[in-house]
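Structural overview
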Amino acid sequence: MKKLLPLISFLLLTSAAFAQETKANYGELHGNFQFDGQYYLRDTKIDSTGEFYPDERFLGQGYANLIYSNGNFRAGIRYENYQNVMLGFPQGYKGEGITYRYIQWSKDGLDITAGNFYEQFGSGMALRAYEERRLGYDNMFDGVRLIYSPLKGLKLKGIIGKQRIYFQKSPGIVRAIDATFTLNDLFKGMGNSATQYSFGGSFVSKFQTANDPFLNLPQNVGLGALRFDIVGKKWGLNAEYVSKANDPSADNHDIFRKGQALLVNMTYTTKGFGALIALKRVDNMSFRSDRNASTIEGLINYVPATTKVHTYALPSLYPYATQLNGEMGGQAEFNINVPRGSAVGGKYGADITLNYAISTSIYKEYYDKTDTLNTIKYGYQTEWFKIGQVPYFQDFNVKWNQKMNKNFTMTFTYFNIQYNQSVLEDGLGDEPQIANPSASKMVYVNTGVAEFLTKIKPKHYLRTELQAQFTKQDRGNMAMILLEYSISPHWFFTIQDIYNYGNPDEDLKIHYPLGSIIYSTGTTRFQVSYGRQQRGIFCVGGVCRVVPPSNGVSISITSTF
Amino acid sequence: MKTFIKFFSIIILLVSFAACDVIDNPLKEGGTRPPVDSTVVVRKVIIEDFTGHRCKNCPYAAEKIHELQDVYGKNVIGIAIHEGPSNFTGTNADYPTDFTTDDGKTIYDFFKIPALPMGMVSRIDYTGTGTSHLKTYSGWPAISAGLLDSVAHIKLEALVGYESSTRTVTVDVAATALIDFSDDLKVVVMILESGIVSPQLMPDDTRNANYIHQHVLRKAFTQAMGDELALSPILTGAIHTKQIIGTVDAAWVADNCDIVVFVYNDRTKEILQAEQLALIP
């Protein structure tokens, strides 16, 4: 609170000062608030020793944002509290305080931010500071950002700052610049072109002191990136290539190998048809502002996932997490709209989505460990276009969405997933799996989902999900039923049950029930849930966290103004 | 406008060319440190290595301690604390030895260890929240080197007496303040056992049935988070003594046991000085 008062005073004084300048324009103040809490119940079925059962019994966490804007001026603060951190979230968040405060203004074409800010260059492979609260991910900068457009079609950005690690800061300093050229704005002759062309480049450098007794660690590590983006009427093509200098770290076991990554996305859309193809190759591209950091801490860049994130409960138990040390693969997705009135589309037409994604290691030939110098300088040898030896993930899914009549829509989805549990959960490296392919614990999963949406009467909807998942590995077969009843716009009732009837452990052939009630009014939302949650992995955009098993009553409140 | 563009361009060029170190020779030549002047009190370093026999990356951390001890000898003291999620530390038919201890759990819970392998180097950077005190093993060498180069604020002397018939150990501790302290000091006395042959999951996902576990925490003879040694204010030159008595469990091989003593600042939790002595010299 002692920290909060000066900041609020500062905001009020600032607003008053600007109000004077703008002749009684007091600007606008907006905010939002969220609180999540859970009362945990001891459940010996899912946690026989009680190792996940918290001493506090009740854990709660939340935040409130306050943003003031007046013309070209903005300022904001965020208060966060984790008392204590809920199960599954990074324990480093334990505590409370002001984590985010900034002022920003534009003057003479220059946009200045001082304090905390989020930023992204290109696809994010060079630099991306962002927040994903559901993961507990927040790598914002605390520093200064300048954005300047010296001429139409050219945008320059420059930043310097330190990154957030929970309630502290990463030891490294990040300096970065980025330029984006939009050719259609730069050249008059291209102004009316239906195709938009742009290209850009970034340079990012981090500094961290080094005092290792064994290694000559680089204190400054640079990364450069080039990208282009072409968007036509029906098609689009964008690509980014990133190259990083020697960056020994905990992630790559202190090898001095250079890093590089290429990401290419192609899209095509026409009436009734859409296609997306993404290709990616990543080699040694972990880039953190603390060379000794791990998990989600201090990441400067972000390597996008080229796999589909599933929202249905059972297939989402086997998600893909981007492998920063190296991966290659891609994704193809086709959306087909079957016209109404056709034999297949029926009276209302149908939507079919086909998706295929694959990811493997890059091809690697490791140096003999007795060759110390090459091992530490390069780690391994590789070939760009040779498929990697270790399969990481493969996903084929097809979805059929059909409206039967005004009140009834059904969706059927089939998933076929191959999941390398050794890589994606156990963190096993490529080297032992290349030497011994049987070391890879593969999980082969087939899942079917049927979803029905029924309009009972005006404002009353019932959504039903039936899911069945079959695998001979890991936790075995599961079945699930979900019923969601909503009364628009205020009420929402859900009840579901997952039954892990095929678990190889007889004691774990159990049910995971979940029920929740949501009430919304205006911009405020209340939720109360009760349920048993099985161990899982929660991912957003290729970044994942492990969720331990739990049982209890949860509450959630969100509000904005 | 032109001035601004020029200014911006210069900044870009400066950042581009100045901020990247390309290393041609990653390995430092020489490696070992010069002999330490025996008249200077060396600040010894403790690495608490949170580990598990079913944690496949944990042998990397153990190896890092051994590398440091090869260079710095007894000035770097390793403590293997087997504690963490049961899938890393639990027992089963393949990994039958229970290395976990109540004292290890107390330390693990207090410092909120989120993952294995993870360590603390003399418990520096503890703030009561966050994870800055938690160090991955790749960072241990640099931190240890920095601490060994720092000035010691405590001179620590310990004397170990062992009565084999009763398996009783008596540890006499004398800590001399080399600066004034405005914080309280605590002392911890632990017993470690080395040379324990028991299975360990290895980084290549294989089980090494003959893995030799070193410097395993067996018990703290003080409270796990220490006993009171001196209350502030503490003046330079003040000597504080403590006698700690413990019993060596019959299951532990006395010849392979060491006594570790360390003194830490109760406010910052930073370990200021440490000693390691063989139970049976």
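Here the structure is shown first, and the text comes after it.
Here's what I pulled together on the structure shown here. This one's a predicted model, so the numbers in the text were calculated from it and none came from an experiment. (Residues numbered from 1 in each chain as written. Chains lettered and ligands numbered in written order. Predicted model: local features only at pLDDT ≥ 70, side-chain atom pairs only at ≥ 80, totals over all residues. Heavy atoms only, no water.)

1. A few points about the packing of aromatic side chains
All names here are of chain A. Enumeration over the complete set of coordinates arrives at 30 aromatic pairs over all chains. Where Tyr93 meets Tyr166, the ring centres are 4.8 Å apart and the plane angle is 85°; that geometry is what we call edge-to-face. In this pair, Tyr93 sits in the loop between strand S3 (73-82) and strand S4 (95-107) while Tyr166 sits in the loop between strand S11 (154-165) and strand S12 (168-169), placing the two residues 73 residues apart along the sequence. The residues Tyr93 and Tyr166 share a single accessibility class, namely buried. Seen from their ring centres, Trp384 and Phe385 are 6.2 Å apart, and the 50° between their planes marks the pair as tilted. Residue Trp384 is classed as partly exposed on the basis of its relative accessible area, which comes to 27%. Taken together through their ring pairs, the aromatic side chains of Tyr82, Tyr93, Tyr166 and Phe167 make up a single cluster. Stacked on the ring of Tyr130, the Lys or Arg Arg128 has its end atom at 3.8 Å from the ring centre. Across from the ring centre of Tyr380, 4.6 Å away, lies the NZ or CZ of Lys364, which sits over that ring. (Phe/Tyr/Trp six-rings, centres within 6.5 Å; stacked < 30°, edge-to-face > 60°. Helix = DSSP H or I, 4+ residues; strand = E, 2+ residues; numbered from the N terminus. Buried < 20%, exposed > 50% of the residue type's maximum accessible area, 1.4 Å probe, protein only. Lys NZ or Arg CZ within 6 Å of the ring centre and 35° of its normal.)

2. Quick look at a positive patch on the surface
Residues and elements named next belong to chain A. Among the surface-exposed residues, Arg340, Lys347, Lys403, Lys406 and Lys455 lie close enough to one another that they form a single positively charged patch. Along the chain, Lys403 turns up in strand S23 (residues 387-405). You can call Lys403 partly exposed: its relative accessible area is 35%. (Patch = residues over 30% accessible without salt bridge, like charges linked within 9 Å, V, L, I, M, F, W, Y side chains within 5 Å. Areas by Shrake-Rupley, 256 points an atom, 1.4 Å probe, with all protein chains shown as cover. Salt bridge = Lys/Arg side-chain N within 4 Å of Asp/Glu carboxyl O. Lys, Arg positive; Asp, Glu negative; His and termini not counted. Charge placed at Lys NZ, Arg CZ, Asp CG, Glu CD.)

3. Description of the environment of Pro319 of chain A
All names here are of chain A. As for its position among the elements, Pro319 is in the loop between strand S18 (273-283) and strand S19 (326-338). We classify Pro319 as buried; its relative accessible area is 15%. Each C-alpha atom of the pair Pro319 and Ile98 lies 33 Å from the other, and the pair is 221 residues apart in sequence.

4. Some points on the pattern of salt bridges
As a working rule, side chains carrying opposite charge can pair if their charged atoms are close by. For the coordinates displayed, the defined rule picks out 41 salt bridges over all chains. A single network of salt bridges, built from pairs that share partners, joins Arg78, Glu80, Glu131, Arg133, Asp138 and Arg164 of chain A.

5. Comments concerning the interface of chain B and chain A
Across the boundary between the two partners, chain B contributes 46 residues, which contact 48 residues of chain A. Viewed at the interface, chain A and chain B are joined by zero salt bridges. Linking chain B with chain A are 20 residue pairs in polar contact (both at pLDDT 80 or more), by the criterion used here. Of all the secondary-structure elements, those providing two or more residues to the side of chain B that touches chain A are helix H1 (2-18), helix H2 (58-72) and helix H5 (140-148) of chain B. Residues that form the side of chain B that touches chain A fall into these classes: 23 nonpolar, 14 polar and nine charged. (Contact = heavy atoms within 4.5 Å. Polar contact = N/O pair within 3.5 Å; in protein donor to acceptor, adjacent residues only side chain to side chain. Nonpolar A, V, L, I, M, F, W, Y, C, P; charged D, E, K, R; others polar.)

6. With respect to unusual backbone geometry
Looking along the chain, the bond that leaves Ser488 of chain A and enters Pro489 of chain A is cis, with omega of 5°. Tracing the sequence through the fold places Pro489 of chain A in the loop between strand S27 (478-487) and strand S28 (491-499). Geometrically, the link from Ser232 of chain B to Pro233 of chain B is a cis peptide bond, its omega value of 0° lying close to zero. One non-glycine residue with positive phi stands out, namely Asp474 of chain A, at about 50°. Tracing the chain through its elements places Asp474 of chain A in the loop between strand S26 (460-470) and S27. For Asp474 of chain A, a relative accessible area of 21% translates into the label partly exposed.

7. A few points about the side chain of Thr131 of chain B
Structurally, Thr131 of chain B can be placed in the loop between strand S3 (118-121) and H5. The contacts of Thr131 of chain B, once residues within four sequence positions are left out, are Gly92, Ile165, Tyr166, Gln168 and Glu297 of chain A.

8. A word on the sheet that holds strand S4 (residues 154-163) of chain B
Residues and elements named next belong to chain B. Judged by pairing direction, the sheet is antiparallel, and its three strands sit side by side in the order S4-S5-S13 without closing on themselves. Two strands bound the open sheet, and with one partner strand each, they are S4 and strand S13 (239-247). Across this sheet, the average inter-strand angle for adjacent strands is 15°, counted without regard to direction. (Pairing = 2+ DSSP bridges. Axes fitted to C-alpha atoms, helices over the stretch in contact; angles between N-to-C directions.)

9. Considering H2 of chain B
Residue and element names in this part refer to chain B. Its 15 residues place the ends of H2 21 Å apart at the C-alpha level, agreeing with the 21 Å of an ideal helix rising 1.5 Å per residue. All of the buried residues along H2 are Cys58, Pro59, Ala61, Ala62, Lys64, Ile65, Leu68, Val71 and Tyr72. The inward-facing, buried residues of H2 contact strand S1 (45-51), strand S2 (76-82), H5 and strand S8 (200-201). Once H2 finishes, Gly73 follows within two positions and takes phi at roughly 60°, a positive value. (Expected span 1.5 Å × (residues − 1).)

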